[in-house]
Amino acid sequence: MDPERALLLIADIGGYTEYMRSHRMSLAHAEVNTARLLEKVIDAAPNFDLIEIEGDAAFLSRRADTMDGDATVAATTQAAVGMHRAFHLERQYVASNLCPCDGCVQADNLKLKFVAHVGEVATQTIRQRRKLVGIDVILVHRLLKNAVQAPEYLLFSEELYRTGEAVLPDAVHEVSQDLEGIGPVRTYFVDIEDLAGSLPPLPDPSWFERIGRTVDVVGRGLPYMLGLRRGRRTASAH
């Protein structure tokens, strides 16, 4: 298939490695909770196509050849804000269930960060699975390893940032980095809270909701504890 211009977005759960270092019951519940979080994040970006679940991250794409620069950046920020809020609402419910294991109690330490880029991609279908390929796919994955110290942020490649920087808030920070196999690049990040603005606070879960979530996580965790289901592995193809 001929290359097309695409907006590439990765939502990555921070603190995942430490979170998964637990004993067997906690690990089972950590798997369940992480899956629930990723599901909510993906559902919160209906205008993006899910390309792949990569361990603790969701790789998404959206055609950008019919969008101008401002619209492309606006679509990125709107998706990130919506996904971030969905993540934190689900994280609050997960962490407030009544299970005392580390996989539930420590869920409140998880964060969500984003990297975004716009570029040319080609599509491959392998065993009925659609994959995106090209140097720009590699670049957006390389951006996950960066020097940003903020716990939750949206990081733009320079290509994406320059197309619509006027629609971003003033608090944008430049970070230069050297990407493996690509070389020096400039990137720009903004704290998610600066994008979200004054959103209303998240609602507190009721006792009924906490009990229901506890029953749910215990039930979903049983296949992992009994060895009937294996946990997800982080993709390393990029």
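Residues numbered from 1 in each chain as written. Predicted model: local features only at pLDDT ≥ 70, side-chain atom pairs only at ≥ 80, totals over all residues. Heavy atoms only, no water.

With respect to the side chain of Thr187
Just so we agree on the cut-off: Only DSSP runs of H or I reaching four residues or more are called helices, and only runs of E reaching two or more are called strands; each is numbered from the N terminus. Here a polar contact means two N or O atoms within 3.5 Å. Within protein one must be a hydrogen donor candidate and the other an acceptor candidate, and residues neighboring in sequence count only if both atoms are side-chain atoms.
As for its position among the elements, Thr187 is in strand S8 (residues 183-191). Within the structure, the side chain of Thr187 is placed 2.7 Å from the backbone oxygen of Val175, a separation counted as a polar contact. A distance of 3.1 Å separates a polar atom in the side chain of Thr187 from a polar atom in the side chain of Gln177.

With respect to the packing of aromatic side chains
Formally: For this analysis, a ring pair means two rings from Phe, Tyr or Trp (six-membered ring only for Trp) whose centres lie within 6.5 Å, classed as stacked if their planes differ by under 30 degrees, edge-to-face if by over 60, and tilted for the remaining angles. For every residue, the accessible area obtained with a 1.4 Å probe (protein chains only) is divided by the maximum for its type, and the residue is called buried under 20%, exposed over 50%, and partly exposed between those limits.
Counted under the stated rule, the structure contains two aromatic pairs. Taken together, a centroid distance of 6.2 Å and an interplanar angle of 70° make the contact between Tyr153 and Phe189 edge-to-face. Residue Tyr153 is located in strand S6 (residues 153-157), and its partner Phe189 is located in strand S8; the two are separated by 36 residues in the primary sequence. A relative accessible area of 2% places Tyr153 in the buried class.

Points about the pairing of S6
Quick reminder of the rule: We treat two strands as partners when DSSP finds at least two bridges between them.
The element S6 is largely enclosed, with a buried count of five among its five residues. Summarising the sheet, strand S4 (residues 111-126) and S6 pair through three bridges and their orientation is parallel. Residue pairing in the sheet places Ala116 in a bridge with Phe156 of S6. Of the pairings in the sheet, the one linking S6 to S8 comprises five bridges and is antiparallel in character. By the bridge assignment for S8, Ser157 is matched with Thr187.

With respect to the nonpolar core
Rules: What is meant by a nonpolar core is a set of buried Ala, Val, Leu, Ile, Met, Phe, Trp, Tyr and Cys residues, joined one to another through side-chain atoms within 4.5 Å. The contact rule is simple, with two residues in contact once any of their heavy atoms fall within 4.5 Å.
The biggest cluster of nonpolar side chains holds 35 residues, and the ones touching the most others in it are Leu9, Met83, Phe114, Leu154 and Phe156. At seven residues, helix H3 (residues 69-95) tops the list of elements feeding residues into this core. When near neighbours in sequence (up to four residues on either side) are disregarded, Leu154 contacts Leu9, Thr76, Thr77, Ala80, Phe114, Ala116, Tyr188, Phe189, Val190, Ile192 and Leu195. Listed in part, the 21 residues of the second largest apolar core include Leu8, Ile10, Leu139 and Val185.

Description of the layout of surface pockets
So the rule is basically this: In the cavity and pocket records, a cavity denotes points on a 1 Å grid over the protein atoms alone where a 1.4 Å probe fits but cannot get out, a pocket denotes an open set with protein on both sides within 12 Å along at least 5 of 7 lines, and lining residues are residues with an atom within 4 Å of a point. Grid points are joined across faces, edges and corners, and a volume is the space filled by probe spheres set on the points.
Taken as a whole, the second largest pocket spans an internal volume of roughly 200 Å³. Lining the second largest pocket we find Val81, His84, Arg85, His88, Glu152, Glu193, Ala196, Gly197, Leu199, Pro200, Pro201 and Leu202. The set of elements that each furnish at least two residues to the lining of the second largest pocket consists of H3 and helix H7 (192-196). It is H3 that contributes the most residues to the lining of the second largest pocket, four residues altogether.

Digging into H3
Our working rule: Expected helix span is given by 1.5 Å per residue-to-residue step, counting one fewer step than there are residues.
The first and last C-alpha atoms of H3 sit 39 Å apart over 27 residues, in line with the 39 Å expected at 1.5 Å per residue. One side-chain oxygen at the N-terminal end of H3 lies 3.4 Å from the backbone nitrogen of Asp70; it belongs to Asp68.

Looking at the pairing of S4
Strand direction decides the pairing type here: strand S1 (residues 4-14) and S4, joined by eleven bridges, are antiparallel. Looking at S4, one finds that Ala11 is bridged to Phe114. Between S4 and the antiparallel strand that follows it, strand S5 (residues 129-133), lie two residues; Arg127 among them carries a positive phi value of about 50°.

Focus on the environment of Phe87
Relative to the helices and strands, Phe87 resides in helix H3. Judged by its relative accessible area of 0%, Phe87 is buried. In this structure the C-alpha to C-alpha distance between Phe87 and Leu112, which are 25 residues apart in sequence, comes to 7.5 Å. Ignoring sequence-local partners within four residues, the contact set of Phe87 consists of Ile13, Leu37, Val41, Leu110, Lys111, Leu112 and Glu152.

Some details on the pattern of salt bridges
Where we set the bar: We define a salt bridge as a contact between a side-chain nitrogen of Lys or Arg and a carboxyl oxygen of Asp or Glu at a distance within 4 Å.
One pass over the full model with this rule turns up 13 salt bridges. The closest approach of N and O atoms between Arg36 and Asp216, which form a salt bridge, is 2.6 Å. A residue pair is termed long-range when its members are at least 10 positions apart, and Arg36 in helix H2 (residues 24-43) and Asp216 in helix H8 (residues 207-225) qualify at 180 residues. The partly exposed category is assigned to Asp216, whose relative accessible area is 23%.

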